[in-house]
Amino acid sequence: MYSFDKVIIPSFDILKSIVHSDKNVITIMKRNHWTLSTNTVNKLMVNLDLLRTEGVPETNFPKYLISKPRAFALDANSFKEIVDKVKDTGFDPSKTTFLIAIHAFSSMSEASWREKMDVYKRWGWSEDQIQTAFRNNPHCMKASEKKIMAVMNFFVNEMGHQSLSIAQHPRVFTCSLKERIIPRCSVIRILVSRGLIKEKISMSTISTMVDKSFVEKFVIKYEQQVPELMKVFQGQLHYVDYLISYIYSVCSPFLFMHVLLSTKYSYIWIWLPTRFFFMVLLKMVFITWSSLLILLLPTGTTNLVIQPIIP
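Residues numbered from 1 in each chain as written. Predicted model: local features only at pLDDT ≥ 70, side-chain atom pairs only at ≥ 80, totals over all residues. Heavy atoms only, no water.

Undergrad: Any chance you could explain the overall build of the chain here in plain terms?
TA: The number of helices and strands found in the chain is 17 helices and 0 strands. When contacts within the chain are restricted to residue pairs at least 6 apart in sequence, those whose partners lie at least 24 apart make up 65%. Entry remark: accessible area of the chain is about 17,900 Å², with carbon and sulfur atoms responsible for 57%. (Helix = DSSP H or I, 4+ residues; strand = E, 2+ residues; numbered from the N terminus. Contact = heavy atoms within 4.5 Å. Areas by Shrake-Rupley, 256 points an atom, 1.4 Å probe, with all protein chains shown as cover.)

Undergrad: Explain the nonpolar core to me, please; I cannot follow it from the model alone.
TA: Soluble globular proteins tend to bury their nonpolar side chains together. If you look at the biggest cluster of nonpolar residues, it comprises 59 residues, and the most contacted ones within it are Leu51, Phe72, Ile102, Trp125, Phe155 and Phe173. Element by element, the count of residues in this core is highest for helix H6 (residues 97–106), at 7 residues. One finds Val187, Ile190, Val215 and Phe218 within the second-largest nonpolar core, a separate group that totals 19 residues. (Core = buried A, V, L, I, M, F, W, Y, C linked by side-chain atoms within 4.5 Å. Buried < 20%, exposed > 50% of the residue type's maximum accessible area, 1.4 Å probe, protein only.)

Undergrad: What's the story with the side chain of Lys116 in this structure? I'm lost.
TA: With respect to the helices and strands, the residue Lys116 is situated in helix H7 (residues 110–122). Excluding its chain neighbours within four sequence positions, the residues that come into contact with Lys116 are Met108, Met141, Lys142, Ala143, Ser144, Glu145 and Ile148.

Undergrad: Honestly, the packing of aromatic side chains in this entry has me stumped. Any pointers?
TA: Working definition: an aromatic ring pair is given by the centre-to-centre distance plus the angle between the planes. Scanning all chains against the criterion turns up 11 aromatic pairs. Where Phe91 meets Phe134, the ring centres are 5.1 Å apart and the plane angle is 80 degrees; that geometry is what we call edge-to-face. Here Phe134 lies in helix H8 (residues 127–136) and Phe91 lies in the loop between helix H5 (76–89) and H6, a separation of 43 residues in the sequence. We note that Phe91, like Phe134, is buried. Seen from their ring centres, Phe105 and Phe134 are 5.5 Å apart, and the 80 degrees between their planes marks the pair as edge-to-face. Of this pair, Phe105 sits in helix H6 while Phe134 sits in helix H8; the two residues are 29 residues apart in sequence, bridging distant segments of the chain. For the pair formed by Phe105 and Phe134, the shared burial category is buried. One residue, Arg184, lies across the ring of Phe214, its end atom 4.8 Å from the ring centre. (Phe/Tyr/Trp six-rings, centres within 6.5 Å; stacked < 30°, edge-to-face > 60°. Lys NZ or Arg CZ within 6 Å of the ring centre and 35° of its normal.)

Undergrad: Could you clarify how one ought to interpret the side chain of Arg184 in this entry?
TA: Mapping Arg184 onto the fold places it in helix H11 (residues 177–193). Non-local contacts of Arg184, meaning those with residues more than four positions away in its chain, are made with Thr205, Ile206, Met209, Val210, Asp211, Phe214 and Phe233.

Undergrad: Quick question: what am I supposed to make of the pattern of salt bridges here?
TA: Should their charged atoms come close, side chains of opposite charge can pair. Tallying each qualifying case throughout the model produces 8 salt bridges. For the salt bridge of Asp49 with Arg52, the shortest nitrogen-to-oxygen distance reads 2.6 Å. Here Arg52 and Asp49 lie together in helix H3 (residues 38–54), a separation of 3 residues that amounts to about one turn. A relative accessible area of 41% means that Asp49 is categorised as partly exposed. We note a salt bridge from Asp211 to Arg184, for which the minimum N-O separation is 2.6 Å. Highlighted residues: Asp211 in helix H13 (residues 211–219) and Arg184 in helix H11, separated in sequence by 27 residues. For Asp211, a relative accessible area of 42% corresponds to the partly exposed category. According to the relative accessible area criterion, Arg184 is buried, its value standing at 1%. Put simply, Asp49, Arg52 and Glu58 are held in one network by salt bridges that share partners. (Salt bridge = Lys/Arg side-chain N within 4 Å of Asp/Glu carboxyl O.)

Undergrad: Is there a simple way to think about empty space enclosed by the protein in this case?
TA: Take a probe with the size of a water molecule and roll it over the atoms, and the empty space left behind shows itself. For the coordinates displayed, the defined rule picks out 1 cavity of 30 Å³ or more. Approximately 40 Å³ is the volume found for the largest cavity. For the largest cavity, the full set of lining residues is Leu15, Ile28, Trp34, Thr35, Thr40, Leu44, Leu65, Pro69 and Ala73. Split into classes, the residues belonging to the lining of the largest cavity amount to 7 nonpolar, 2 polar and no charged. (1 Å grid on protein atoms, 1.4 Å probe; cavity = no way out; pocket = protein on both sides within 12 Å on 5 of 7 lines; lining within 4 Å. Points joined across faces, edges and corners; volume = space filled by probe spheres on them. Nonpolar A, V, L, I, M, F, W, Y, C, P; charged D, E, K, R; others polar.)

Undergrad: Sorry if this is basic, but what is going on with unusual backbone geometry here?
TA: Peptide bonds are mostly trans, and most non-glycine residues show a negative phi. You will see that His20, though not glycine, has its phi angle at about 75 degrees, which is positive. Position of His20 relative to the elements: it lies in the loop between helix H1 (4–19) and helix H2 (22–31).

Undergrad: Is there a simple way to think about H7 in this case?
TA: For an α-helix, the turn length of 3.6 residues means that residues three or four places apart are oriented alike. Taking 1.5 Å per residue as the helical rise, H7 with its 13 residues ought to reach 18 Å, and the 18 Å between its terminal C-alpha atoms agrees with that figure. If you check which residues of H7 are buried, you get Ser112, Trp113, Lys116, Met117, Val119 and Tyr120. Down the axis of H7, the sector holding all buried residues measures 155 degrees, keeping them to one side. Buried positions along H7 lie against H6, H8 and helix H9 (145–158). Following H7 by one or two positions, Gly124 has its phi on the positive side, about 95 degrees. (Expected span 1.5 Å × (residues − 1). Arc of directions from axis to C-beta.)

Undergrad: Help me understand the packing of H11 against H13 in this model?
TA: Any two packed helices are characterised by how steeply their axes cross, that is the angle between the axes, and by the distance between the axes. Look at H11 against H13: their axes get within 11 Å of each other, and the N-to-C directions meet at 15 degrees. For the element pair H11 / H13, the angle class is roughly parallel. The chirality of how H11 crosses H13 is left-handed. Facing H11, whose interface residues are Arg180, Arg184, Val187, Ile188 and Leu191, H13 presents Asp211, Phe214, Phe218 and Val219. Class assignment for the residues of the contact of H11 with H13 results in 6 nonpolar, no polar and 3 charged. (Axes fitted to C-alpha atoms, helices over the stretch in contact; angles between N-to-C directions. Parallel < 35°, antiparallel > 145°, perpendicular 65-115°, else oblique. Left-handed = near helix turned anticlockwise from the far one by under 90°.)

Any functional reading would require information that these geometric values do not contain.
Below you can see the structure in the form of structure tokens.
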């Protein structure tokens, strides 16, 4: 039990001098109750002095000390090693990314770091490209291996982006795939497919634009032409479901089957019970319709050539 007068109050006052309010100190305490111990406060002050010496502005301390106090209360030797590593990676101490990188290095083991590097390398990234992405947005190395794989798979295999182009937009790894990336990309895909916008929107726009601006620019503006856009944006209607209903509404049955069976839309199968069952069902319908057409042909016709329909 800490002494109230000798430990808690002095430690509280020291922290308050850094984060500027009682509320902020209480937030730190809620996240790490041990922060008010004399030993922890002493470590913190030593490490903050090191950061000042390295050129980190005092104004950058409060935000990251409040949100990640544990990262800045390591023992002095361990903290200095991390600071040196961040400097060697090329981070500018005057920018906030310097402190984010410190937290990234302090929050994972060397083995975990190498595993995440390997995940990026599987997608063709070089070590230099990984380091560049990390310098641009250190959060990309804080994402789990599962999250990295999911984001890369979506942009490369579903959206058709080049793997290396994603290295220029590492912020996408900080966004929720389900709540932000997929709904927004679905809206953009619909607008492009309908010819309402001519070019695909950059990944940086998709990841950084606030919801209000995105809705105004890409949803409300085109709601008359595509009434389902808001449902797609809100995740109530999946892009594949919209695609199937739209194709069926504007195409002949034969064209509908042709599009669904084409490799271009092969990702649709992951949303259906089984690819085999659906293909058999469609082919049975196709054969039935073809047979009816043959029966309706004039007597004496010997050859029926059905030309492939290209959408």
